[in-house]
Amino acid sequence: MGWPRARSQVLKRNDKVHLSGVERTFPENDIIVSKTDLKGNLTYANKIFIDISGYTEKELIGQPHSILRNPQMPRVMFKVLWCMLQSGSEIFAYVVNRCKNGDHYWVYAHATPSFDMKGNIIGYHSNRRVPDRRILEEHIIPLYAKLREEEHRHASAKDGLTASTKMLESMLDDLGMDYDEFIATVGKERHGSRPSGRRRQGYDKETERCVWA
Ligand SMILES: Cc1cc2nc3c(=O)[nH]c(=O)nc-3n(C[C@H](O)[C@H](O)[C@H](O)COP(=O)(O)O)c2cc1C
């Protein structure tokens, strides 16, 4: 399944939300958990999720996960996330979220589809842990800043997303990696360049589908 057309058509520039600049952190052993339906509406949030978000459980359940969307996140990362999940793959990603009062918190997220007995996707599930601060500061924050800048350089959100997708894909091409390899090795020692026999993982504009390794 490709990146859903409906989603790309409702791209909006809700980037003017209040941000306090205050970062919230959480203990190393805590896991922030949420579950969503097929549209990304929250069906479950654990206490750690609720506490850090600043919302009540009642305010969260039934709401789209984008209730936490922080404008510092490049849109392309959510495009990749949905692309992978809807194709039945798991995804690891660094994400910065916005709390109810405008504070923010960084996580290293693992999201997966949930399947029924017949293999149909019936929802999504995500666990988040404390991210590696060095990887965040040396690699992820600068990468996201570049992708966001590219998204904002264009008059329409749609064109911005196309451009940041291209930027991410060309970065992965230069590394000879798909997204999974990149996220697994970012900030770690990489041994030589790899002649990638793997198909690049990403969004294929022509077919409007994800291309998988
Ligand atoms: C399991 C799952 C977890 C998600 N976690 C987050 C999250 O922590 N923060 C976030 O902003 N979006 C998260 N999303 C993505 C949102 O659904 C949404 O695509 C994103 O916030 C961008 O919002 P927009 O598409 O309205 O611009 C998650 C989606 C799924 C399916």
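About the cut-offs
Residues numbered from 1 in each chain as written. Predicted model: local features only at pLDDT ≥ 70, side-chain atom pairs only at ≥ 80, totals over all residues. Heavy atoms only, no water. Phe/Tyr/Trp six-rings, centres within 6.5 Å; stacked < 30°, edge-to-face > 60°. Helix = DSSP H or I, 4+ residues; strand = E, 2+ residues; numbered from the N terminus. Buried < 20%, exposed > 50% of the residue type's maximum accessible area, 1.4 Å probe, protein only. Lys NZ or Arg CZ within 6 Å of the ring centre and 35° of its normal. Pairing = 2+ DSSP bridges. Axes fitted to C-alpha atoms, helices over the stretch in contact; angles between N-to-C directions. Contact = heavy atoms within 4.5 Å. pLDDT = per-residue confidence, 0-100. Bend = angle between axes of the 7 residues up to and from the residue. Core = buried A, V, L, I, M, F, W, Y, C linked by side-chain atoms within 4.5 Å.

Draft legend 1. Representation of the packing of aromatic side chains in the model. Within the structure shown, the criterion is met by 4 aromatic pairs. When the centroid spacing of 5.4 Å and the interplanar angle of 80 degrees are considered together, the rings of Trp82 and Tyr124 count as edge-to-face. Of this pair, Trp82 sits in helix H4 (residues 75-86) while Tyr124 sits in strand S5 (residues 121-129), and the two are 42 residues apart along the sequence. This pair shows no difference in class: Trp82 is buried, exactly as Tyr124 is. Here a set of aromatic residues connected by ring pairs shows up, and it is made of Phe92, Tyr94 and Tyr108. One Lys or Arg, Lys35, reaches over the ring of Tyr44 and ends 5.6 Å from the middle of that ring.

Draft legend 2. Inspection of the sheet that holds strand S2 (residues 42-45) at higher detail. The sheet built from 5 strands is open, its strands ordered S2-S1-S5-S4-S3 with antiparallel pairing. At either margin of the open sheet sits one strand with a lone partner, and together these are S2 and strand S3 (91-98). In this sheet, neighbouring strand axes are inclined to one another by 30 degrees on average, regardless of whether the strands run parallel or antiparallel. Here H4 sits on the sheet in contact with S3, strand S4 (104-115) and S5, set at roughly 130 degrees to S5.

Draft legend 3. Spotlight on the confidence of the model for the protein. Mean pLDDT for the protein: 88, with 82% of residues reaching 70 or above. Across residues 1-13, confidence stays below pLDDT 50; counting only partners more than four residues off in sequence or on other chains, it has 31 contacts.

Draft legend 4. Helix H5 (residues 133-152), seen in detail. At Ile140, H5 shows its maximal kink, close to 35 degrees; a proline, Pro142, follows between one and four residues later. Regarding H5, the residues found buried are Ile135, Leu136, Ile140, Leu143, Tyr144, Leu147, Glu150 and Glu151. Buried residues in H5 make contact with H4, S3, S4, helix H6 (157-175) and helix H7 (179-185).

Draft legend 5. Spatial organisation of the nonpolar core. Counting 44 residues, the largest nonpolar core has Met77, Ile91, Tyr94, Ile140, Tyr144 and Tyr179 as the members making the most contacts within it. Among the elements of the structure, S2, helix H2 (47-53), H4, S3, S4, H5, H6 and H7 are those that each provide at least two residues to this core. Ignoring any residue separated from it by four or fewer positions in sequence, one finds Ile91 in contact with Val80, Leu81, Met84, Leu85, Ala109, His110, Ala111 and Tyr179.

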